[in-house]
Amino acid sequence: MSVDRLLDALRAGVGHANVLVDPDTRAPYEVDWTGRYRGTALAVVRPASTAEAATVLRACAAAGVAVVPQGGNTSLVGGSVPRGGEIVLSTRRLATIAPVEHTDAELIAGAGVTLEQVHDRARSLGWDMGVDLASRQSATIGGMVATNAGGQHVLRYGPMQHQVIGVEAVLADGAVVGRVPALHKDNTGYHWDAILSGSEGTLAVVTRVHLALVPALPERVVALCGVDDLDAALRVAGALRRDVDTLLALEVVFVDGLELVRAYAELPEPFPTPCTAYLVVECGGRIGSTERMVDALAAVLGARPEVRASAVASDAAGCARLRAYRELHTEAIAAEGIPHKLDVTLPFDRLAEFDREVRARIAAVSPTARTFVFGHAGDGNLHVNVLGPAADDSSIDDLVLGLAASMGGSISAEHGIGVAKRDALTLSRTATDIEAMRAVKRALDPRGILNPGVIFPPAP
Ligand code: 2HG
Ligand code: ZN
């Protein structure tokens, strides 16, 4: 099929206005959030229903043209932008949120519904969504399932996969699989939500998701606590995990990142004397639980010799002010340049050693590089952001991922593999694992149409 015939078939499927070929209208879909990954698409196609998405995939399969599924385009590993010549299938018009009969503890969200829209709807029903991310205004539910997104509340509720009751998705040949609404217990063979979780658009395009909500915890308490190093932060975190049963998040930042955020957002110095590392702790509870949460936090923080200074807030504005020291890291770093973003997990007992070692090794090979480390202390997940090296220089990425793997860690805790880490996949998965994953890919997408180049290096 010629390109013109493909574009005609796509226009017939989704309407003329939803096939974007003009370079200016395509442009925002062709570059990732960090500016590090970009490519030219043949067109951007915006289906508004599962049936339209199936038509798009059937037409692309017939033409042998690759498809890059894209939701909110918040991937940090280059997994949602074209490499060159593909059709970008934007899920943004799959934007319906529907209730589930007989319960308000669940929702059915189109793939293009944003996380913030799910939060708002869930909260209006007296419930909440178990996943939260700084990119909540843009990140979409379909992409979050496909990447098994994590975020700040994994400690309490697990990653995106744990919030999913069922999915509906379109395979590369246009066949629709899965079941929405789904049943809570349905052990009838392979689970599409599990198969597609972490598939990063390489196996199918998620179109609708049946989500489980969590009970709303309207009262929040946030603490910021300064310590001497990551070892100390982890010891305090361990005590909080043991003794505070309302924990939602246990995050860590360091003084250099905190200073960057302070300059970026004009925030005050949190304590009279700066500390080397800071824990940001969030608790959530039902109405009437604030005092109990404050007391529980104060009891642990007051008893730990590692704590040099602490501040606790229980009003919304105060909580937001303390959270901002952590949450604004990504934005503040992006304002300085295009970062190399590495997202690793380490065994808890190697985290502090990794932090020391990674900074020293980066400084040794790239003395002008600026390294920022922050992350989800409760999950053993550190984000290493490096400013300085050219966007196409992968030596720092290789160094960080190699170090994490050599210390028993994973090269991706929550951001996925995308194109950024595909050459490092062998550091975290065995050759047998990778061949089995490739076999699944071949079975579901024999012509390799869906997101080629993501997760696996292109065939030589
Ligand atoms: C976070 O935890 C996100 O804030 C982004 O996963 C991390 O910018 C990053 O590297
Ligand atoms: Zn994160």
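Here the structure is shown first, and the text comes after it.
Please read these numbers as outputs of a predicted model, since none were measured by experiment.

A. Broad picture of the overall build of the protein chain. For the protein chain, the helix and strand inventory stands at 16 helices and 18 strands. The globule rule puts the C-alpha radius of gyration for 460 residues at 23 Å, and the 22 Å found for the protein chain is close to it. Along the first, second and third principal axes, the C-alpha set of the protein chain runs to 70 × 60 × 45 Å. Excluding contacts between residues fewer than 6 apart, the proportion of contacts in the protein chain whose partners are at least 24 apart in sequence is 72%. If you sum the accessible surface of the protein chain, you get close to 18800 Å²; carbon and sulfur atoms cover 52% of it. Taking the average location of the 42 positive side-chain charges in the protein chain and that of its 54 negative ones, the two points are 3 Å from each other.

B. Expanded view of the coordination of the zinc ion (ligand 2). Around the zinc ion (ligand 2), the donor atoms from the protein are His376 (NE2), His383 (NE2) and Glu414 (OE), and they sit 1.8 to 2.1 Å away. Owing to a relative accessible area of 5%, histidine 383 belongs among the buried residues under this scheme. Judged by its relative accessible area of 14%, glutamate 414 is buried.

C. Spotlight on the site of ligand 1. Taken together, the residues surrounding ligand 1 are Leu76, Arg326, Thr330, Lys341, Phe374, His376, His383, Asn385, Glu414 and His415. In the environment of ligand 1, an oxygen atom lies 2.6 Å from a nitrogen or oxygen atom belonging to the side chain of lysine 341. Protein chains bury 89% of the 300 Å² of accessible surface belonging to ligand 1 in isolation. Elements that contribute at least two residues to the shell around ligand 1 include exactly strand S17 (370-376) and strand S18 (381-387). Class assignment of the residues belonging to the shell around ligand 1 gives a composition of two nonpolar, five polar and three charged.

D. Representation of the sheet that holds strand S4 (residues 87-90). Pairing is mixed in the open sheet, where four strands are placed in the order S1-S2-S4-S3. At either end of the open sheet lies a strand with only one pairing partner, and these are strand S1 (19-20) and strand S3 (67-70). Docked against the sheet, helix H3 (residues 50-63) engages strand S2 (43-45), S3 and S4, running at close to 170° with respect to S4.

E. Seen up close, the sheet that holds strand S9 (residues 176-178). In spatial order, the strands read S5-S6-S10-S8-S9; together these five strands make up an open sheet with antiparallel pairing. Looking at strand neighbours, the two that pair on one side only are strand S5 (97-100) and S9, the edges of this open sheet. Mean inter-strand twist for the sheet, computed between neighbouring axes without regard to direction, equals 20°. Sheet strands touched by helix H4 (residues 115-124): S5, strand S6 (103-110) and strand S10 (204-212). Its angle to S6, the strand with the most contacts, is close to 160°.

F. Spotlight on the nonpolar core. By size, the foremost hydrophobic cluster in this structure holds 58 residues, and its most contacted members are Leu230, Leu240, Leu279, Phe354, Ile362 and Val400. In terms of residues, this core owes the most to one element, helix H8 (residues 230-243), which gives eight residues. In this structure phenylalanine 354 touches Val344, Leu346, Leu382, Val384, Val400, Leu403, Ala404 and Met407, once residues within four positions along its chain are discounted. Counting residues in hydrophobic clusters, the runner-up holds 29 residues, among them Leu107, Ile141, Val167 and Leu203.

G. Structural detail: the packing of helix H1 (residues 3-14) against H3. Direction vectors running N to C along H1 and H3 enclose 170°, while the axes themselves pass 9 Å from each other. The pairing of H1 with H3 is recorded here as roughly antiparallel in orientation. Taking contact as the criterion, the partners of Leu6, Ala9, Leu10, Gly13 and Val14 in H1 are, on H3, Glu52, Thr55, Val56, Ala59, Cys60 and Ala63. A breakdown of the residues in the contact of H1 with H3 according to their chemical character gives eight nonpolar, two polar and one charged.

H. How the structure looks around the pattern of salt bridges. In total, this model carries 28 salt bridges according to the counting rule given. Two residues, arginine 235 and glutamate 306, come together in a salt bridge whose shortest N-O distance is 2.8 Å. Here the residue arginine 235 occupies a position in helix H8, and glutamate 306 occupies one in the loop between helix H10 (290-303) and strand S15 (309-313), the gap between them amounting to 71 residues. Using a relative accessible area of 44% as the deciding quantity, one classes arginine 235 as partly exposed. On the basis of relative accessible area, glutamate 306 is assigned to the buried category, the value being 8%.

Basis of the calculations
- Per chain, the residues get numbers from 1 upward, laid out in the order the sequence is written.
- Lettering for chains starts from A, numbering for ligands starts from 1, and both go in the order in which the items are written.
- Per-residue local features are limited, in this predicted model, to residues with pLDDT of at least 70; the limit for side-chain atom pairs, both in listing and counting, is 80 or more; totals at the level of whole chains, interfaces and linings are taken over all residues.
- Calculation of side-chain values draws on the structure's entire complement of heavy atoms; hydrogens and water are dropped beforehand.
- Helix numbering and strand numbering both begin at the N terminus, where a helix is a DSSP run of H or I of at least 4 residues and a strand a DSSP run of E of at least 2.
- This radius of gyration counts C-alpha atoms alone. The globule rule is 2.2 Å times how many residues there are, raised to the power 0.38.
- Contact definition: two residues touch when any of their heavy atoms are within 4.5 Å.
- Accessible surface is estimated by sampling points in the Shrake-Rupley manner with a 1.4 Å probe; for residues, cover comes only from the protein chains shown.
- For the purpose of counting charges, residues Lys and Arg are taken to be positive, whereas Asp and Glu are taken to be negative. His and the chain ends are not included.
- Taken as the charge location is NZ of Lys, CZ of Arg, CG of Asp or CD of Glu.
- Water is not part of the atom set, so a site may look incomplete; the donors themselves are N, O and S atoms within 2.8 Å of the metal, or 3.2 Å for Na, K and Ca.
- Exposure is judged per residue with a 1.4 Å probe applied to protein chains only, and the accessible area is read against the type maximum: over 50% gives exposed, under 20% gives buried, and values in between give partly exposed.
- Residues are counted as near a molecule or strand when any one of their heavy atoms sits within 4 Å of it.
- We define a polar contact as two N or O atoms separated by no more than 3.5 Å, with the added condition that, inside protein, one atom must be a possible hydrogen donor and the other a possible acceptor, whereas residues neighbouring each other in sequence contribute only through side-chain atom pairs.
- Amino acids outside the nonpolar list (Ala, Val, Leu, Ile, Met, Phe, Trp, Tyr, Cys, Pro) and the charged list (Asp, Glu, Lys, Arg) are all regarded as polar, and Gly is one of them.
- Paired strands, in this sense, are two strands between which DSSP finds at least two bridges.
- Note on definitions: angles span 0 to 180 degrees between N-to-C directions of axes, and those axes are lines fitted to C-alpha atoms, for helices only across the stretch in contact.
- Each nonpolar core is a collection of buried residues, namely Ala, Val, Leu, Ile, Met, Phe, Trp, Tyr and Cys, held together in the definition by side-chain atoms within 4.5 Å.
- In this scheme, roughly parallel covers angles under 35 degrees and roughly antiparallel covers those over 145, while 65 to 115 is roughly perpendicular and the rest are oblique.
- We define a salt bridge as a contact between a side-chain nitrogen of Lys or Arg and a carboxyl oxygen of Asp or Glu at a distance within 4 Å.

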